[in-house]
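Here is what each chain is made of, one letter per residue.
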Amino acid sequence: AALDNEVALRPTGRAAPFVQNKLRLFDSEDFSAEKPPKITLYRDHAGWCPYCQKTMLLIEEKGIPINIELVPMRSYGDKPTSFSRMVPSGLLPALIVETDDGRKQVITESQVIMELLDQWHPPSDGYKPMLPDSNDQAGNARYDMLARLERDLFSWWCTLIFRPEGPRLGGGGGGGLMGMLSGKGGGGNEMSGAMKGFLECLDKVDAELTSTKGPWFFDTADHPTMIDFVYVSHVERMLASAAFWKGLDLRSDEMKKRFPGLNVWLEAFEKRECYLAFKSDYFTHVMDIPPQYGPGYDGGFDDKREQFSKSITGRDGTSWSLPLPFDDELQPLYTGPPLPLSVLDAAGIAGDNGKKEDSYQNADPVVMARACRGMAGWKLASNGEAVARFAARGGPKGANNPRKTFGAQLADPYAESDKDVQPYA
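Anyway, here's the lowdown on the structure attached to this text. All values derive from a computational prediction rather than experimental measurement.

## Brief notes about the overall build of the chain
Secondary structure summary: the chain contains 16 helices and seven strands in total. Its C-alpha atoms give the chain principal-axis dimensions of about 70 × 65 × 50 Å. The buried share of the chain, taken over its 425 residues, is 47%. Considering only residue pairs separated by 6 or more positions, the chain has 65% of its internal contacts joining residues 24 or more positions apart. Element-wise, carbon and sulfur atoms account for 52% of the exposed surface of the chain, whose accessible area totals about 20600 Å². Computing the positive centroid from 48 side-chain charges and the negative centroid from 59, the chain places the two 4 Å apart.

Put into structure tokens, the structure is as follows:
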């Protein structure tokens, strides 16, 4: 009933955050479903695009009334002709602003869109600030420095994941994984230059996070601001890709010692329902990253890489086998709400500190498992026909595309189902 109520609320624009919402009105009294806002964000349908994700996080955190249209990325579909006419480049996200005389202005580039949305919805109108005040020279200098550091981190991530790693650099002293990660392992060939550069850049990011009193990059607010959103959409993808292709678990106990600020920051995000609505699991990321960025290269710590990659893809014989374990070795499930807040409330499951946007690590595993099964059953039953059609692509006569092949095969909108298998699926 709780989920049915949420579905009923979505057309009104006042439901909880959800990746396929088409209208967001929040508490605004100026707009309604019959009188929608005059700004529309076009973003990707599947929630794969990191630039769309960071834009949506800003919209959700500020509570900006906006229409949303969902279109495919090039990697999993063709864009509608109506969108291509408005945005010939096909870039996502794209913001369409309708003027009072009916004209439409098109704005692309996520950073430009985010800054304009923040400017158009200022604190004087009751919206949360997302950038330092224009008169705050120190704050703006810090923002610019953090933005450059984010580009450095992105560059090191691309070098590590999407290029052959090259020769490893020797070290000396203590062994073990932490020894290798710190460059002090024994044996000579411990770590590539790309791995060393990536980790050292993360050290700088962590230092900036630990320099503030709270979990965020700025102390001026008790909520994430624009620079947090700029970072988190790609850091989320770094976590999955580093584990899968390099055997590097940045959420492990060892990594929490090296990157305490980063892990506190991640856990703070994972308590926010608006972030969880757009967050993907590791399997989704390692499947959707190659069509967008190119293939990842195996390397890093070979023994851990094999272990982690099998866990992420379910080839370890346990991670995808029922009954599922209560938590996940690589991607913590209970640092925040593991289900929509409405489902947890209906199930009578409270957060560890009595709040809704809270950790749930001390929840009763039996009660939580029951709620998770109910959620999974509801999702399958409410979308059963589409699930069966998709699953039937795995039949002997399925997965053929008479038109063209897309980079993301699982999301190919034109892949045919095996009609003989579909009724059984």
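Let us keep going from here.
## Examining helix α10 (residues 260–269)
Counted residue by residue, α10 has seven buried out of ten residues, so it is predominantly covered. Taken residue by residue, α10 has G261, L262, N263, W265, L266, A268 and F269 as its buried positions. At its buried positions, α10 is contacted by α7 (193–210), α8 (226–246), α9 (253–258) and α11 (273–276).

## Side note on the sheet that holds strand β4 (residues 94–98)
Pairing is mixed in the open sheet, where five strands are placed in the order β1-β3-β2-β4-β5. Unpaired on one side and paired on the other, β1 (23–24) and β5 (104–108) mark the two borders of the sheet. Across five bridges, strand β2 (residues 39–44) lies against strand β3 (residues 66–71) in parallel orientation. Residue pairing for β3: R43 is matched across the bridge by L70.

Thresholds, definitions, all that
- Residues numbered from 1 in each chain as written.
- Predicted model: local features only at pLDDT ≥ 70, side-chain atom pairs only at ≥ 80, totals over all residues.
- Heavy atoms only, no water.
- Helix = DSSP H or I, 4+ residues; strand = E, 2+ residues; numbered from the N terminus.
- Buried < 20%, exposed > 50% of the residue type's maximum accessible area, 1.4 Å probe, protein only.
- Contact = heavy atoms within 4.5 Å.
- Areas by Shrake-Rupley, 256 points an atom, 1.4 Å probe, with all protein chains shown as cover.
- Lys, Arg positive; Asp, Glu negative; His and termini not counted.
- Charge placed at Lys NZ, Arg CZ, Asp CG, Glu CD.
- Pairing = 2+ DSSP bridges.

Everything listed is a geometric property; what it means functionally is a separate question.
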